[in-house]
Amino acid sequence: MASPDSDSKALFSLDSYHVSEELGFILKDPLEELPPYYQPWMDIARRVPELVDSHELRFHVNEMPLLSCQFLQKHRELRLAHLALSVLTMGYAWQEGESNTVQMLPHNLAVPFWEVSQRLGLPPILTHADAVLANWKKKDPQGPFDMENLELLFRLPGGDSVKGFFMVTLLVELAAVPALRNIPVVINGVRCGDAEAAASALDAVCQALQDMTDALKLMQVYVEPSVFYGIMRIYLSGWKDNPCMPKGLVYEGVRAEPMEFSGGSAAQSSLLHCFDELLGVEHQATSGAFLTRMRDYMPPAHRQLIQDISSQPPLKTFVQQQAGERLHQAFQRCVTKLLALRSYHINVVSRFISVPAARARQLRHQRRELEAEMVSRAPAALEERGTGGSGIMTFLKTVRDQTKDALLPEMSKDTEPHS
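Given the structure is predicted, the values throughout are model-derived calculations rather than measurements.

1. Here's the deal with unusual backbone geometry
Non-glycine residue Asp-241 carries a positive phi angle of around 55°. Looking at the secondary structure, you find Asp-241 in the loop between α12 (225-232) and β4 (250-251). Judged by relative accessible area, Asp-241 falls into the partly exposed class, the value being 38%. At Ala-285, a residue that is not glycine, the phi angle is positive and equals roughly 50°. Of note, Ala-285 is situated in helix α14 (residues 285-294). Relative accessible area serves as the criterion here: at 66%, Ala-285 is assigned to the exposed category.

Printed below as a string of structure tokens:
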């Protein structure tokens, strides 16, 4: 039998995964400025919405000096640089919408973006880790972490709805923090055979999943569906599985052949991957392959956490081996809350993509090109797709149904306890 000392060494913890006790996966205290040498990037990146609007962004980017990345030393400097360069890249690629995309990112943007990405272990495109986790500041540093006291560091076209979209997503990440803190407690409970500790921790995970769903409901308060669909969405889109840019994008000075990267997607949040691995939710076939690929868009430490949760003794097996109803019910409630979160996400996507897409098709069919509705200007090629490149509704419903499969059969009252 193992000694207490060796047991304590084996305890699972979040210490080595760049996960904060207060903020979870959110980058703590993001920097707002880079060293002065990099001011040319920052000046243009902060003006992306207005320069896209005036069709001048590509001109300004083409005129930028080629800057060395050697003066970027710390992690937060690299994260801010990646965010600024990714905002420049999305604006540059999509300045003219789907009709006049570019085939090449100029070397003065492509080369430093590639170098910063390599150092961070992130792809050279805007990711959830950039736009949400590292793109915030408090107006009053001592004030609360809420919509009124939060501001974006960089914006994309779309006005207040851009802030709403990224900040509500940030608040969903924040709501998940108690669940993240309790994942090691669940894992260690399973390792030590402590059903009571595992059940209590699962109760906390369950509450956090409910809080995440409640936070997600703020989307309908702060984001206008026609603005999201007609203006914002293309700037979150990538150049993989995208009919607008079927060959991908050449990063000049990096590689002669075009490269393909997916756009931002909720599937790039590490949260749901962690919950799936903890609760034994299995995603098969196409949806599983897409979710696995989205892990390449996460910071490496967060990707490693998901991997390490998956290699722990399975919680589901432990629950099935226990006679106690408390643990069984706590597990079932967690899966049910995860299911409810995914169902609500389908509701949000329907409101922000499917309904406006149907409206856009109707307008085109009626040839009412002059109708002043944003949805009619939205990229036709993206109608049935998410920004990550997935067939959005089919994908989300498949993932939801696979979550349902993680539920255990209900315990009958006369079930014999397992010895």
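2. Some remarks on the nonpolar core
Membership of the largest hydrophobic core comes to 140 residues, with the highest contact counts inside it found for Trp-41, Leu-88, Leu-202 and Trp-239. In this structure, Trp-239 is in contact with Thr-89, Met-90, Ala-93, Trp-94, Ile-125, Met-245, Gly-248, Leu-249, Tyr-251, Met-259, Glu-260 and Phe-261, ignoring residues within four places of it in sequence.

3. Examining the side chain of Ser-265
Examined against the element boundaries, Ser-265 turns out to sit in the loop between β4 and α13 (270-279). Using a relative accessible area of 17% as the deciding quantity, one classes Ser-265 as buried. Here the side chain of Ser-265 touches Ala-267 through a polar contact of 3.0 Å, landing on its backbone nitrogen.

4. What about the pattern of salt bridges?
What the rule picks out here adds up to 15 salt bridges. Where Glu-196 meets Arg-326, a salt bridge forms, and the shortest distance between an N and an O atom there is 3.1 Å. Placement of the pair is Glu-196 in helix α10 (residues 195-216) and Arg-326 in helix α17 (residues 325-365), with a sequence separation of 130 residues. Taken together, the shared-partner salt bridges in this structure form one network comprising Glu-196, Asp-203, Arg-326 and Arg-333.

5. Describing the packing of aromatic side chains
Following the criterion strictly, the structure yields 10 aromatic pairs and no others. Measuring from centroid to centroid gives 4.9 Å for Trp-136 and Phe-145, while their planes differ by 50°, and the two rings are tilted. The exposure class assigned to Phe-145 is buried, which follows from its relative accessible area of 18%. For the pair Phe-228 and Phe-352, a centre-to-centre distance of 5.9 Å together with 90° between the ring planes defines the contact as edge-to-face. Of this pair, Phe-228 sits in helix α12 while Phe-352 is found in helix α17, placing the two residues 124 residues apart along the sequence. Ring-pair connections join several aromatic residues into one group, and the members of that group are Tyr-37, Tyr-38, Trp-41 and Phe-71. When the ring centre of Tyr-92 is taken as reference, the NZ or CZ atom of Arg-58 above it lies at 5.8 Å. The side chain of Lys-217 reaches across the aromatic face of Tyr-344, ending 5.7 Å from its centre.

Reading the values: rules and limits
- Residues numbered from 1 in each chain as written.
- Predicted model: local features only at pLDDT ≥ 70, side-chain atom pairs only at ≥ 80, totals over all residues.
- Heavy atoms only, no water.
- Helix = DSSP H or I, 4+ residues; strand = E, 2+ residues; numbered from the N terminus.
- Buried < 20%, exposed > 50% of the residue type's maximum accessible area, 1.4 Å probe, protein only.
- Core = buried A, V, L, I, M, F, W, Y, C linked by side-chain atoms within 4.5 Å.
- Contact = heavy atoms within 4.5 Å.
- Polar contact = N/O pair within 3.5 Å; in protein donor to acceptor, adjacent residues only side chain to side chain.
- Salt bridge = Lys/Arg side-chain N within 4 Å of Asp/Glu carboxyl O.
- Phe/Tyr/Trp six-rings, centres within 6.5 Å; stacked < 30°, edge-to-face > 60°.
- Lys NZ or Arg CZ within 6 Å of the ring centre and 35° of its normal.

Coordinates in, geometry out; function isn't part of it.
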